[in-house]
Each structure stands twice: as structure tokens, then as C-alpha cells.
Amino acid sequence: MGQITLQGVQKSFGPVHIIKGADLDIADGSFVVFVGPSGCGKTTLLRLIAGLEDVTGGAILIDGRNVVDVPPAKRGLSMVFQSYALYPHMSVRGNIAFGLKMAGMAKDEINRKVEAAAATLNLTPYLDRKPRELSGGQRQRVAIGRAIVREPKAFLFDEPLSNLDAALRVQMRLEVTRLQKQLGTTAIYVTHDQVEAMTMADKIVVLNSGKIEQYGSPLELYEKPANLFVAGFIGSPKMNFVTGDLAKQQGAATIGVRPEHLKVERDGQGGWHGTVSVAEHLGSDTFLYVDAGPLGMLTARYIGELDLHPGDKVSLIPDPARIHRFDDSGKSIRA
Amino acid sequence: MARMVTTRRKVISTAAAWLVGFLIFFPILWMVLASFKTELEAFAIPPSFLFFHWTTENYVTVQERSDYFHHALNSIIIAGGSTLIAMLIAIPAAWSMAFSPTKRTKDILLWMLSTKMMPPVGVLVPIYLIFRTVGLLDTRTGLVFILCLGNLPIVIWMLFTYFKEIPKDILEAARMDGATIGRELIYVLTPMAVPGLASTMLLNLILAWNEAFWTLNLSTLEAAPLTVFIASYSSPEGLFWAKLSAASTLAIAPILVLGWFS
Ligand SMILES: Nc1ncnc2c1ncn2[C@@H]1O[C@H](COP(=O)(O)OP(=O)(O)OP(=O)(O)O)[C@@H](O)[C@H]1O
Ligand SMILES: [Mg+2]
């Protein structure tokens, strides 16, 4: 079991409020990703849950029990650090076994568990090596092995893949997801990589300067962003925002349309008119950056190749069903 | 790694290194040579470098007049004991300052170091009187105690800088893994700091071994280490260079050996 609930969790460092009251319900076995811009408090929130940092206010419940006064090891969680944080003087075996040894488990049972974990992670040939004799990806796997062997209630990951190259990152992303599903253990995963968030998460928490902006499934966030921040943060390229009269006509302060929901027509009649200022041809997609006069710069995404070049006149026709409307305070208006 | 070094540069820098090494080593060589001369040859001018009457007579006399092994044993006990105790106090102290610092930590570190700027002679009289009152004069315990206190600031300071280098993440990982503070110290921190601990220990050992102010002033015979043994050849019955050299050679031999082979 690994059901985690945050109730009004707050954290200040001195006079600075970093986490301003977070409420969250994480279901047992789910994979929850924290995303948000740099410095918004993702790591801090994760460390609060881990117990590496003390809360300033609020409660953290693990399986219904408030753990704010419980030391990290007793919370039954394990953490994978961005820097891996392997014990440099211990072999891979020693690293994975350390937690079990601290728990006072019998030697042969430790061996059995370590070897099982190593087998799942393809680490068996490296068990007697020191961390410095491993590649980045292997070190990362050792860090994960150290986390899974303790059979925790939940895994906490702090940007575990950010030190890996792009190809390895994709591979590890799949491995982590597969492993988590296979073990059925709750996971909280911090990243600022949108793609990681969208692909790995059952549910995403979008954080912005210490506040939870929205909590929902990846598609919920994509289709029904709660506010301007989430709308702008989720999706790449970013959603287009238009203010002024055009928005007023729709009964909103701001309207937003995603680049993929703008139909591009050469010299077209309807929609919004503009001039292509940059065209990016990726083969699979064409990204157009269009100067739409009073509406500002708009981005449009066309699936496939579109033979347009800077200076070409285009009209962009928004899909009426996909227009997001926001009020003065930036909150989403739902019809 | 793959920096190009011409052979000529290599030869020159090697030669220079040897020259500097020899210059530093020369006084020790001179002392060792002098210890095998007769008293007359020892201060003959011009000095003879290798062609003199080699004799071990000085060593025999020195051992007859004072018991080298007694002093050597004292030195070992005093240097070793004070180092050991200093490490036992300094490791937890440096740990807490490196890993759970408060606003005052920097001040405490500076204050500790500042005590080393005070000339020891300034507190000789009070310490002498205290030692006399509590009966610590000329005891090994007393010397272990005073040398340990004297070196503690440097030991803590050095360990602090070594501990500071250890990534906090690793200790947090150990905490997540269920290590108590004690076990974190034993299984994670100390092994990771071994190189630092070893060099700190060696330095402290050397400092304690060579310490001549407190040992000369607070011990006479019973607890007297090698420093006192050497000093006893430098003044009372005139100057005996050859014997002084023999005594000094004997005194530094253990620490030289230790330094070379560790
Ligand atoms: N120990 C600390 N003392 C004071 N301020 C801190 C401390 N730790 C974090 N902060 C501040 O808290 C804020 C949030 O930090 P945090 O590390 O949680 O950000 P993050 O969302 O993880 O960012 P990133 O994506 O860059 O890792 C930052 O402004 C940071 O300066
Ligand atoms: Mg972070």
C-alpha cells in the first residue's frame, strides 16, 4: 500500500515561503509527476514527502497516518536522486544491499533480494564493481535498484534522467514506467521535461511558484487546462494567446488556441491573417511562426510538409471547438 | 593527459626536482653524517664530507647515557595517544559543523583557529601550575592531554574541509536507507573520508611527535619523549655535535620511516 495525501502542506526557508499550501491525493499504485518551471518548489515538495525537510505547516499522510514527525527511513519510501548519490566506496552489491543491512535483514535473504533486483535491472554482471567503474545509465540503474530492493510504499524520483543523453533517456523512461507498472508501487516523479511528464504520468501535478496550479491526467491538462499558466506550460509548441476585442467577442479576457488546432490556408479568406516570418520544416511537421499584425505572433503546426516560406501570406483558422477561454484572473471559463 | 612534453623539458624539470629535493634533504644528510664522526671531526673546518673515521661510538654513548627506547616509547605513546583522542573528538565535531551548521558555525571555526595564534608561552605559567596541582607534571597522561588540546583546532578544521567536500545527497541517501547518525558516520562518511582522515592523522602525528615546547616544559624524565632526549645533548655539558646528531637521527628515524612508507 502506498497512498499519500498532502493536506495544506507549507514550507518556508526563513521568511521565504516556498510551498504555499499544497493539497494532493495520490492513489496507491499511481504514477504521479510533478512538473513546473525551475525554482517552483518541485524538489522541495518531494523532500518534504521524503522527510528530508521538515514541514512548516500542514500534514502528510501515508496510508492514513500523519508522518510529519516520522524520520525519513521510517516512512517506508525510497528516493532516487538526480546525482544518483551512490556510495562510492561500496560495490554495486553493497549499494543495493545497504538499506536492507540497515534494516537488520539476514545475510542470505539480503543476497537473494539483491540478486533478484540486479537481475531485473540487468546489473548482474556488475555486482562487484564500484560505482565509478559504471556508465551513467548503469549508475542510474543501481540507484533504482537501491530503491526497489527495499520494497517501499512509494518511490520518489528527483529528475533521475536529467544527466543522461537523449537516447538513453528515452530508454530509461520506458524502463522506469515498465518497472513501476510491474511492481505496482506508487511513484512520485519530478521533472521539468514535458515529454517525460506526459508520457510517464497517470496524473500530473503542475506547480508554479509553490502552488499547485492543476492536478489531473495528462490529457485532462492538455484538453482542459485550469488556467493560463497550465495552458501555456503544457503542450509544445506553446499555446497561442490572443487578448483584446477578439477575445471579448468570445466573452473572455484571453483566448488560447494550440498550434496544432490552427488550420493553415494559403491566401485563405476566413480566420486570422498574417505573414509567415519563420517556417521550420521537419518533414513530419511544419512549424510556422506567423506575424498576425494586431494579434501578435502566432505559432501553427501542420502535420506533414507544407511548402510555405517567409513572406508568404496565410490565414489561420482556429478549430472553434478547441478554443480555450480565460477570464481576467486567468482562470479557465467552461461553457 | 595527452599533453606534449619535450624530452628536454622533462630532463630539466626532473633535474630541478632532484636539486630541490637534495637541498631540502641536505641538512638531514649532514646530521646523519655528523652522527658517525668523532666530536673533533664534527666541527672541523673545512668539514670533511665522506672521508672521515666512520664510528658508531656516538650511538653507543648516547644509549649509555640516556635510555633511547624509554624516550622513543614515550614519544610513540604521546603522539599516538593524542592523535587518537583528537580524532575521536574531531570526527563528530567536524561532522556536525559540516552537515548541520548553524549561524554560529563559521564563528566557532574561526575562534578555534584563533586560539592557535596565541603564543603557547603566554599560558605556560598557569598550565604549569595547574599541572603541578593536579599532579600531571612529567606524566604521559598530561602530555597526551595538552598536545591533544593543542592540535584539536587544526584537526577539526582539516576534517571539516574534507567533510564539506562530501556530497550531501549521499548522506541523505543513507538516511533514506535507514542509517542512524552513528551508522551514517561509521558506514558512509568515515570510509568516504579515509584519504582525508589519513592525511589529517599523519599530520597530527608529526606535529605531536615534534612538539617541543610543552614536552620540554612539562616533562623531565619519566614521561619525556624524544624531543627532551635530543635537547639534553644540546646544552648542559657544552656542545656535543656528534652526539646531538646521533640523538637527533635516532629521534627522527621512526617518523621518517613512517612518512616514506605510508
Ligand atoms: N535549503 C534552502 N534554503 C533556502 N531556500 C531554498 C532551499 N532549498 C530550496 N530553496 C529555494 O526554494 C525554491 C524552490 O526550490 P526547489 O529546489 O524546490 O526548486 P525546483 O522546482 O526543484 O527547481 P529545479 O527545477 O531547478 O530543480 C528555490 O527558489 C530555492 O532557491
Ligand atoms: Mg529540483
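Criteria and cut-off values
Residues numbered from 1 in each chain as written. Chains lettered and ligands numbered in written order. Predicted model: local features only at pLDDT ≥ 70, side-chain atom pairs only at ≥ 80, totals over all residues. Heavy atoms only, no water. Helix = DSSP H or I, 4+ residues; strand = E, 2+ residues; numbered from the N terminus. Buried < 20%, exposed > 50% of the residue type's maximum accessible area, 1.4 Å probe, protein only. Patch = residues over 30% accessible without salt bridge, like charges linked within 9 Å, V, L, I, M, F, W, Y side chains within 5 Å. Areas by Shrake-Rupley, 256 points an atom, 1.4 Å probe, with all protein chains shown as cover. Salt bridge = Lys/Arg side-chain N within 4 Å of Asp/Glu carboxyl O. Lys, Arg positive; Asp, Glu negative; His and termini not counted. Charge placed at Lys NZ, Arg CZ, Asp CG, Glu CD. Contact = heavy atoms within 4.5 Å. Buried area = accessible area lost by both parts, 1.4 Å probe. Polar contact = N/O pair within 3.5 Å; in protein donor to acceptor, adjacent residues only side chain to side chain. Nonpolar A, V, L, I, M, F, W, Y, C, P; charged D, E, K, R; others polar. Expected span 1.5 Å × (residues − 1). Arc of directions from axis to C-beta. Near = heavy atom within 4 Å. Domains from an automatic or database assignment. Pairing = 2+ DSSP bridges. Axes fitted to C-alpha atoms, helices over the stretch in contact; angles between N-to-C directions. Parallel < 35°, antiparallel > 145°, perpendicular 65-115°, else oblique. Left-handed = near helix turned anticlockwise from the far one by under 90°.

When you go through chain B residue by residue, the secondary structure sums to 13 helices and zero strands. Counting from the amino terminus, helix and strand elements in chain B follow one another as α-α-α-α-α-α-α-α-α-α-α-α-α. By its C-alpha atoms, chain B is 70 × 65 × 30 Å across when sized along the principal axes. In chain B, which comprises 262 residues, the proportion classed as buried is 38%.

Here the focus is a positive patch on the surface. A contiguous patch of positive charge, built from Lys106(B), Lys164(B), Lys168(B) and Arg175(B), is present on the exposed surface. If you trace the backbone, Arg175(B) turns up in helix H8 (residues 168-176).

In this complex, chain A contributes 23 residues to the contact, which on the side of chain B involves 15 residues. For the chain A and chain B pair, buried surface summed over both sides reaches about 1700 Å², with 64% attributable to carbon and sulfur atoms. When the buried area of chain A at its contact with chain B is split by residue, Tyr87(A), His89(A) and Met102(A) rank highest and sum to 31% of it. Linking chain A with chain B are two salt bridges, by the criterion used here. Residue Arg47(A) is joined to Glu172(B) by a salt bridge in which the shortest nitrogen-to-oxygen separation is 2.7 Å. In this structure, the connection of chain A to chain B is made through eight residue pairs in polar contact (both at pLDDT 80 or more). Among the elements that make up the side of chain A that touches chain B, the one with the highest residue count is helix H2 (residues 92-102) of chain A (four residues). Across the side of chain A that touches chain B, the residue classes break down as 14 nonpolar, five polar and four charged.

Let us look at helix H3 (residues 107-120) of chain A. All names here are of chain A. Between its first and last C-alpha, H3 extends 20 Å over 14 residues, near the 20 Å set by a 1.5 Å rise per residue. Buried residues of H3: Ile110, Lys113, Val114, Ala117 and Ala118, and no others. With its buried residues spanning 135 degrees around the axis, H3 presents them on a single face. Exposed and oriented more than 90 degrees from the buried face of H3 are Asp108 and Arg112. Check the buried side of H3 and you find it contacts H2 and helix H4 (136-148). Immediately beyond the C-terminal end of H3, within one or two residues, lies Asn122, with a positive phi of roughly 55 degrees.

Residue and element names in this part refer to chain A. The immediate surroundings of ligand 1 are formed by Phe13, Ile18, Ser38, Gly39, Cys40, Gly41, Lys42, Thr43, Thr44, Glu159 and His192. Compared with its free state, where it exposes 640 Å², ligand 1 has 57% of that area covered by protein. Among the elements that take part in the shell around ligand 1, helix H1 (residues 42-50) stands out by supplying three residues, more than any other.

Assigned domains of chain B: these are domain 1 (7-63) and domain 2 (68-231). Taking only C-alpha atoms, the centre of domain 1 of chain B and the centre of domain 2 of chain B are 34 Å apart.

Note that Ala173(B) resides in helix H8. Residue classification places Ala173(B) among the buried positions, given a relative accessible area of 2%. As for Ala173(B) and Glu184(B), which are separated by eleven residues in sequence, their C-alpha atoms are 9.9 Å apart. Excluding its chain neighbours within four sequence positions, the residues that come into contact with Ala173(B) are Phe81(A), Ala85(A), Tyr87(A) and Arg146(A).

What follows deals with the environment of Leu183(A). All names here are of chain A. Mapped onto the elements of the fold, Leu183 is located in helix H5 (residues 166-183). Among the residues examined, Leu183 registers a relative accessible area of 42% and is labelled partly exposed. Taking the C-alpha atoms as reference points, Leu183 and Asn111, separated by 72 residues in sequence, lie 20 Å from one another. What Leu183 contacts, discounting residues up to four positions off in sequence, is Ile148 and Phe155.

Another point: the domain arrangement of chain A. Residues and elements named next belong to chain A. The domains assigned to chain A are domain 1 (4-231) and domain 2 (239-326). Of note, the centres of domain 1 and domain 2, computed from C-alpha atoms alone, are 39 Å apart. Domain 1 puts seven residues into the contact, and the matching count from domain 2 is nine residues. The contact between domain 1 and domain 2 buries some 660 Å² in all, and 58% of this surface belongs to carbon and sulfur atoms. A per-residue breakdown of the area domain 1 buries against domain 2 is headed by Tyr222, Leu228 and Ala231, which together make up 76% of the total. Between domain 1 and domain 2 we count zero salt bridges in total. Counting across the domain 1 and domain 2 interface gives two residue pairs in polar contact (both at pLDDT 80 or more). Looking at the side of domain 1 that touches domain 2, the elements that each hand over two or more residues are helix H7 (218-223) and helix H8 (228-233). Among the residues making up the side of domain 1 that touches domain 2, the classes are represented as five nonpolar, one polar and one charged.

With that settled, the discussion passes to the sheet that holds strand S16 (residues 297-303) of chain A. Residue and element names in this part refer to chain A. Strand order in this open sheet of five strands is S13-S17-S14-S15-S16, and the pairing throughout is antiparallel. A strand with exactly one partner marks an edge of an open sheet, and here the two such strands are strand S13 (262-266) and S16. Neighbouring strand axes in the sheet, compared pairwise and without regard to direction, differ in orientation by 45 degrees on average. Judged from the seven bridges that link them, strand S15 (residues 285-291) and S16 form a sheet pairing that is antiparallel. Residue pairing across strands places Phe287 opposite Arg301, the latter belonging to S16.

Let us look at the packing of H2(A) against H3(A). Helix packing geometry: the angle between the two helix axes and the distance between the axes. Residue and element names in this part refer to chain A. In the contact formed by H2 and H3, the axes pass within 10 Å of each other and the chain directions differ by 130 degrees. It follows from the interaxial angle that H2 and H3 lie oblique. Relative to H3, H2 is oriented so that their crossing is right-handed. In this structure, H2 contributes Arg93, Ile96, Ala97, Leu100 and Lys101 to the contact, and H3 contributes Ile110, Asn111, Lys113, Val114 and Glu115. A per-class count over the contact of H2 with H3 returns five nonpolar, one polar and four charged.

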